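Breakdown of the fold
Okay, here's what each chain looks like letter by letter:
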Amino acid sequence: AVVSTQSTGEMREDCETYKKATECHEYAKLLIERLKKFREGFEQYKKNCYEFESGASCHDAGHMLLQGVKLKDGSVPIEKDVPAAAELFARACTTTNPRSCVPIARLLQFGKFMEKDYKKAFEFLSIGCHKQNTESCFAKANCYLQGTGVEQDYSKAIPLLEQGCLRGHHRSCHNLGVLYYHGEGVDKDLNKFKLYNEKAQIFRFQKNPFKGNEEQHISSGPTAH
């Protein structure tokens, strides 16, 4: 659909007049997604992030920097800048957007574009999990299973996986099943393995709010996801 100049102007006016994170974030999205004004939208995201404490804008600006934006004509309105993306993810995670806690943790764990820091990664995941972000809780559980950035402790991982499974997160169900299959941190129980495996298969193909973040999991072993 074509966005009229008036509607664009109204959104800009709402942002400039009320200076609220939600209105300004939606204005930035309009610039990028519908008007294809990537640089202008990106700058609005950054302004929202730092001036209006918009975690959503910090998060989206971070993803733009993480990949960069290259258009079909070869122009590059947004250069890839992973350290800058990490800064935005960290800001979002510690303010109002726990979705950003997983990507900043991944960057710290993999250490390809910045120095590895497993302990700091675990701290970010703990923040996200405390704010009820299921992907953060899942990744935090896997840190406990592996002893990554924290002392290995199955007793702390299992409740996080159980909570995730109850919320329909299929990887949490799967990893619980794996633990019961091998008897790791729990008594070996093939019936529970089958139960959690069945739940994992059901949730895997259901539309749920965690599906978009599934690529952000952190492996907890050769047979766990």
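Look up: the structure comes first, before these words.
One structure accompanies this document, and this report is about it. Since we're looking at a predicted model, the values are computed, not measured. (Residues numbered from 1 in each chain as written. Predicted model: local features only at pLDDT ≥ 70, side-chain atom pairs only at ≥ 80, totals over all residues. Heavy atoms only, no water.)

Here's the deal with the overall build of the protein chain
Helices and strands together make up the secondary structure of the protein chain, namely 11 helices and 0 strands. Ordering the α and β elements of the protein chain from the N terminus gives α-α-α-α-α-α-α-α-α-α-α. In the protein chain, which comprises 225 residues, the proportion classed as buried is 45%. Of the contacts made within the protein chain by residues no fewer than 6 positions apart, 51% connect residues no fewer than 24 positions apart. Element-wise, carbon and sulfur atoms account for 50% of the exposed surface of the protein chain, whose accessible area totals about 12,100 Å². (Helix = DSSP H or I, 4+ residues; strand = E, 2+ residues; numbered from the N terminus. Buried < 20%, exposed > 50% of the residue type's maximum accessible area, 1.4 Å probe, protein only. Contact = heavy atoms within 4.5 Å. Areas by Shrake-Rupley, 256 points an atom, 1.4 Å probe, with all protein chains shown as cover.)

Some details on the nonpolar core
Residues Met64, Ile104, Leu161 and Leu176 are the most contacted members of the largest nonpolar core, which totals 52 residues. Ranked by residue count, the leading element in this core is helix α5 (residues 82-94), at 8 residues. For Met64, the contacting residues outside a window of four places in its chain are Ile32, Phe38, Phe42, Tyr45, Val69 and Ile78. (Core = buried A, V, L, I, M, F, W, Y, C linked by side-chain atoms within 4.5 Å.)

Remarks on the state of the cysteines
A covalent bond between the sulfur atoms of two cysteines is what we call a disulfide. Scanning all chains against the criterion turns up 5 disulfides. A sulfur-sulfur distance of 2.1 Å marks the disulfide that ties Cys15 to Cys24. Judged by the sign of its S-S torsion, about 105°, the bond between Cys15 and Cys24 is right-handed. Each member of the pair Cys15 and Cys24 is classed as buried. Disulfide pairing places Cys129 opposite Cys137 at an S-S distance of 2.1 Å. Note on the Cys129 and Cys137 pair: the S-S dihedral is about 100°, so by sign convention the disulfide is right-handed. The pair Cys129 / Cys137 is uniform in exposure class, with both members buried. With cysteine numbering restricted to those in disulfides and following the sequence, the protein chain has the pairing 1-2, 3-4, 5-6, 7-8, 9-10. (Disulfide = S-S within 2.5 Å.)

Focus on the side chain of Gln44
Here Gln44 is to be found in helix α3 (residues 38-51). Its relative accessible area of 11% is what places Gln44 among the buried residues. Other than its neighbours up to four places away in sequence, Gln44 contacts Cys15, Cys24, Tyr27, Ala28 and Leu31.

Here we look at the environment of Glu123
Among the structural elements, Glu123 can be located in helix α7 (residues 118-130). Judged by its relative accessible area of 35%, Glu123 falls in the partly exposed class. Separated by 17 residues in sequence, Glu123 and Lys140 have C-alpha atoms that sit 9.0 Å apart.

Side note on the side chain of Ser57
With respect to the helices, strands and loops of the structure, Ser57 is situated in helix α4 (residues 55-67). If near-sequence neighbours (up to four positions away) are discounted, Ser57 is found in contact with His25, Tyr45, Asn48 and Cys49.

What to know about the packing of aromatic side chains
On inspection of all chains with the given rule, the structure shows 3 aromatic pairs. When the ring of Phe122 is compared with that of Tyr144, the centres are 5.3 Å apart and the planes differ by 80°; the resulting orientation is edge-to-face. Taken together, the positions of Phe122 in helix α7 and Tyr144 in helix α8 (residues 134-146) put the pair 22 residues apart, joining distant regions of the chain. The exposure class assigned to Phe122 is buried, which follows from its relative accessible area of 11%. Ring plane angle 55° and centroid distance 4.9 Å describe the contact between Tyr181 and Phe193, whose orientation is recorded as tilted. Here Tyr181, found in helix α10 (residues 170-182), pairs with Phe193, found in helix α11 (residues 190-204); they are 12 residues apart in sequence, far enough to count as distant. Judged by relative accessible area, which is 39%, Tyr181 ranks as partly exposed. Taking the ring centre of Phe124 as reference, the NZ or CZ of Lys120 above it sits at 5.3 Å. (Phe/Tyr/Trp six-rings, centres within 6.5 Å; stacked < 30°, edge-to-face > 60°. Lys NZ or Arg CZ within 6 Å of the ring centre and 35° of its normal.)

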